[in-house]
Amino acid sequence: MIGHQAQQEQMMEAVRSNRVAHGYCFEGPEAVGKKKMAFNFAMDLLCQQEESRCGLCHSCQMFAAGNHPDFHMYEPEGKSIKREQAERAIHELQIRSYEGGYKIFLFDDADKLTASAQNALLKSLEEPPPQTVIILVTANPQGLLPTIRSRVQAIRFYPVEEQELVDALQKRGVEADTATKLARLSEGRPGHAISLLESKEFQALQEAAEQALSYLLSTQSLQIVPFLALFEKRKGEADAILNDFLNFFRDVLVMQTTRDDKRILNPARRIQVKETARRVSESAIYGIIEQIIQTKDQLRRNLNLTVGLQQMFRIIQEEISGNDRRHTL
Ligand SMILES: [Zn+2]
């Protein structure tokens, strides 16, 4: 679990003090960790040891294997969670727990419950059988009927602090540089950061950016077309890649003005930074930085990304090679 310390403690305290509500609504942004928390909470409740999930007991093992008979999850089938699904849940609710403890009903994307399904569930929330817990998970609590919302305890989730997310990603073996980029891109939503990390396209974009930078620095003619196509597909990450370029040239500038390579932000690029600082003039680096900032701005204002990037690459190459010419003349 990344972040949400206060919410974790609140749920643990409910289990510890045996004051568990019959209904909860875990609400907050997409991929922020609501469902993960719901799973942990369910595991805590079902664990045969005291207080919190031990991971070792029969119950925890069944839960981890995804076949605990007292844990039921419902998700949209197609566009919605239909009345039949809610009726299946209500039927399950009447049956005694198999393991003699809690029975837990998790509705993921609960705002997708049809009004009819919500009405069917309402009675179970009004007069719940003992030791049943209904957890509604949603990024859009307004999609729930007010009668439902008033009968569940709302637990709100917020984006995780950037530094907390960076640290958590690093603990999972992600390099500092990538962790920072992912934390920024995912806007504090750990689930989103992890799916980006696992996405082939994101990796391809990273590699392409790395390659583009090397090409630019070596003043070879840049095969920009495939790079642009990739950028077009992942517009959401374009700004982060441009930040990456920006950080590189800022490092170059810092190296030129301080001559201190310990100030380089990205140690993985130390050699490239020092090489560029030696080869390209300070004024050319200023020109490049200005150009990248302009392109970022164009991106923000939704102007044509391809044209903006082409211009940026052309100008960077001119600055770098123009400078080279001056050196060789
Ligand atoms: Zn256990």
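Just so we're clear, the structure is a prediction, and the values are computed from it rather than from any experiment.

Scoring rules and cut-offs
- Residues numbered from 1 in each chain as written.
- Predicted model: local features only at pLDDT ≥ 70, side-chain atom pairs only at ≥ 80, totals over all residues.
- Pairing = 2+ DSSP bridges.
- Helix = DSSP H or I, 4+ residues; strand = E, 2+ residues; numbered from the N terminus.
- Right-handed = clockwise from strand over helix to strand, strands pointing away.
- Domains from an automatic or database assignment.
- Contact = placed C-beta atoms within 7 Å.
- Nonpolar A, V, L, I, M, F, W, Y, C, P; charged D, E, K, R; others polar.
- Axes fitted to C-alpha atoms, helices over the stretch in contact; angles between N-to-C directions.
- Parallel < 35°, antiparallel > 145°, perpendicular 65-115°, else oblique.
- Left-handed = near helix turned anticlockwise from the far one by under 90°.
- Buried ≥ 20, exposed ≤ 12 C-beta atoms within 10 Å, placed from the backbone.
- pLDDT = per-residue confidence, 0-100.

Asker: Explain the pairing of strand β2 (residues 71-74) here, please?
Answerer: Each regular strand shows side chains that alternate between the opposite faces of the sheet. As judged from the 4 bridges shared by β2 and strand β3 (residues 103-108), these two strands associate in the parallel manner. In the strand pairing of β3, F71 is matched with I104. Read as a crossover between parallel neighbours, the route from β2 over helix α4 (residues 83-94) to β3 is right-handed.

Asker: Please clarify how the domain arrangement of the chain should be interpreted in this entry.
Answerer: If you check the domain split of the chain, you get domain 1 (5-156), domain 2 (162-198) and domain 3 (201-328). Centre-to-centre, using C-alpha coordinates, domain 2 lies 23 Å away from domain 3. Across the contact, 5 residues belong to domain 2 and 6 residues belong to domain 3. Looking at the side of domain 2 that touches domain 3, the element that brings in the most residues is helix α8 (residues 176-185), giving 4 residues. Within the side of domain 2 that touches domain 3, the residues separate by chemical class into 2 nonpolar, no polar and 3 charged.

Asker: Looking at this model, I keep getting lost on the packing of helix α10 (residues 200-218) against helix α11 (residues 225-233). Mind explaining?
Answerer: When two helices pack together, their arrangement is given by the angle between their axes and by how far apart the axes lie. The interhelical angle for the contact between α10 and α11, taken along N-to-C directions, is 140°, at an axis separation of 10 Å. What the angle tells us is that α10 and α11 run oblique. Classified by chirality, the crossing of α11 by α10 is left-handed. Of the residues in α11, those touching α10 at E201, A204, L205, A208 and A212 are F227, L230 and K233.

Asker: How should I be thinking about the pairing of strand β1 (residues 23-27) in this particular structure?
Answerer: Across the 5 residues of β1, 5 count as buried, placing the element largely inside the fold. Going residue by residue along β1, you find G23, C25 and E27 tucked away on one face and Y24 and F26 tucked away on the opposite face as well. Strand direction decides the pairing type here: β1 and strand β4 (residues 132-138), joined by 5 bridges, are parallel. The residue of β4 that forms the bridge with G23 is I134. In terms of strand pairing, β1 meets strand β5 (residues 153-156) through 4 bridges, oriented parallel. Across the sheet, the residue bridging to C25 is A154, located in β5.

Asker: In this structure, what is going on with the confidence of the model for the chain? I would like to understand it.
Answerer: Low-pLDDT portions of the prediction should not be read for the details of their coordinates. Looking at the chain, pLDDT values average 88 and 96% of them are 70 or higher. Across residues 325-329, confidence stays below pLDDT 50; counting only partners more than four residues off in sequence or on other chains, it has 0 contacts.

Asker: Teacher, can you tell me more about the sheet that holds β3 here?
Answerer: Hydrogen bonds between backbone groups are what pair the strands of a sheet, and the pairing can be parallel or antiparallel. Here 5 strands make up an open sheet; going across it, the order is β2-β3-β4-β1-β5 and the pairing parallel. The open sheet terminates on both sides in strands that have one partner only, identified here as β2 and β5. For this sheet, the mean inter-axis angle between neighbouring strands, taken without regard to orientation, is 20°. Inspection of the sheet shows β3 paired to β4 by 6 bridges, in the parallel sense. Within the sheet, the bridge partner assigned to K103 lies in β4 and is T132.

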